[in-house]
Amino acid sequence: MASSSQKGIVITIPVLVLSVAAAAIFLFFLLSSLSSSSPCTCSPSSTATPITTNAAAVSGGLVEEEVEDWRISTSREDIQWVKDQIQANGLHVQENVLRKGINPRTRAQQLEDLNNFKGISHYEGSEADNHTALPCPGELLVEEHHSNYGEPWAGGRDVFEFLAESSRLTANSRVLEIGCGTLRVGLHFIRYLKPDHFHCLERDELSLMAAFRYELPSQGLLHKRPLIVRGEDMDFTKFGSDVVYDLIYASAVFLHMPDKLVWVGLERLVNRLKPYDGRIFVSHNIKFCLRLGGEECTKRLVSLGLEYLGKHTHDSLLFNHYEIWLEFRRFRA
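Residues numbered from 1 in each chain as written. Predicted model: local features only at pLDDT ≥ 70, side-chain atom pairs only at ≥ 80, totals over all residues. Heavy atoms only, no water.

## Topic: the state of the cysteines
Using the following cut-off: Only a pair of cysteine sulfur atoms within 2.5 Å qualifies as a disulfide here. A run of H or I in DSSP becomes a helix once it reaches four residues, and a run of E becomes a strand once it reaches two; helices and strands are each numbered from the N terminus. A 1.4 Å probe rolled over the protein chains alone gives each residue an accessible area, and that area as a share of the maximum for its type sets the label: buried under 20%, exposed over 50%, partly exposed in between.
Evaluated as defined, the whole model comprises two disulfides. Disulfide pairing is shown between Cys180 and Cys200; the S-S distance is 1.9 Å. Residues Cys180 and Cys200 share a disulfide whose torsion about the S-S bond is about -90 degrees; that sign makes it left-handed. Taken together, the residues span a long stretch of sequence, with Cys180 in the loop between β4 (175-178) and α6 (186-192) and Cys200 in strand β5 (residues 198-202) at a distance of 20 residues. Residue Cys180 is classed as buried on the basis of its relative accessible area of 4%. Disulfide pairing is shown between Cys289 and Cys297; the S-S distance is 1.7 Å. Judged by the sign of its S-S torsion, about 105 degrees, the bond between Cys289 and Cys297 is right-handed. Summarising the burial analysis for this pair, Cys289 and Cys297 share the class buried. Should the bonded cysteines of the chain be numbered as they appear in the sequence, the pairing reads 1-2, 3-4.

## Focus: the environment of Leu292
Here is the rule: Whether two residues touch is decided by their heavy atoms; if any such pair falls within 4.5 Å, the residues are in contact.
Inspection of the secondary structure puts Leu292 in the loop between α9 (287-290) and α10 (294-304). You can call Leu292 partly exposed: its relative accessible area is 36%. Along the primary structure Leu292 and Asp259 are separated by 33 residues, whereas in three dimensions their C-alpha atoms are 9.7 Å apart. Contacts of Leu292, omitting those with residues within four sequence positions, involve Trp263, Cys297 and Arg300.

## Some thoughts on the side chain of Arg279
Here is the rule we go by: Two N or O atoms form a polar contact when they lie within 3.5 Å of each other; inside protein one atom must be a possible hydrogen donor and the other a possible acceptor, and for residues adjacent in sequence the pair counts only when both atoms belong to side chains.
Mapped onto the fold, Arg279 is located in strand β8 (residues 279-283). Among the polar contacts made by the side chain of Arg279, one reaches the main-chain carbonyl oxygen of Tyr276 at a distance of 2.8 Å. If near-sequence neighbours (up to four positions away) are discounted, Arg279 is found in contact with Ser167, Asp246, Leu247, Ile248, Leu273, Leu309, Glu327, Phe328 and Arg329.

Structure below.
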């Protein structure tokens, strides 16, 4: 049987080269047309730097709070730093006497200078042209009110540090002080908290004048708009009915009030305190409760939904300032 002959396609080298070249040109134009189309709308890489907004980081569609150094009070390291600076500068406590550029004056002498000579720096033109919109009384300018408390004015910082850390406050917390006086403590809370988050009930008119006319303006805190109300008899109606506080405190205030009025105040305040996490701190003692007798005291607190958590002592690292605080919480919603 005769074998059949095999047939094949023969491609010469020149034809093969031309085919490859044509394919390459076609591919080039195809890729060019694709790259000139609408830009990519895909989401950016997940490794992109997060955008931060007011202490929050936006990442992957979730808002994460930034972790901050939560410590408020002075540390041992801070104290050592101060000591090092004093030593490095060769500083020693000296008698405050007349010396070049410094003329020590008592508050009484300062006030006399203000009243008689308007002080060193003052407006000398016509009072009609004086731009001062709210002149400050001389008694406030020489800070006589800083001596109203029988202890250092700087102790207000100590009280703030202790209460803020004990209550684990944040800038978003809400605080009520019963008897804020001239804001010896309140200034530090106002500075730390968001605007309108510090509230106070105070009965003394002169203290309130010092707070509004001197302390808030001189500390640059007017923009914080604290709600400070003149009132007594533990009337909190002007603070609104829907405000819930993270901290309510009274520094040496209940000592000067009838026991009955203190209980009225606690009854009105308990529903304004955040359940479980909110705290009430009372300084010095709780004789208003202990005078009822231990068992009756506890029973009275429980009837209000309050639990006594214990006694704390705060000893300042800086200002020779020592205080006792009694802590309570609201144990039911």
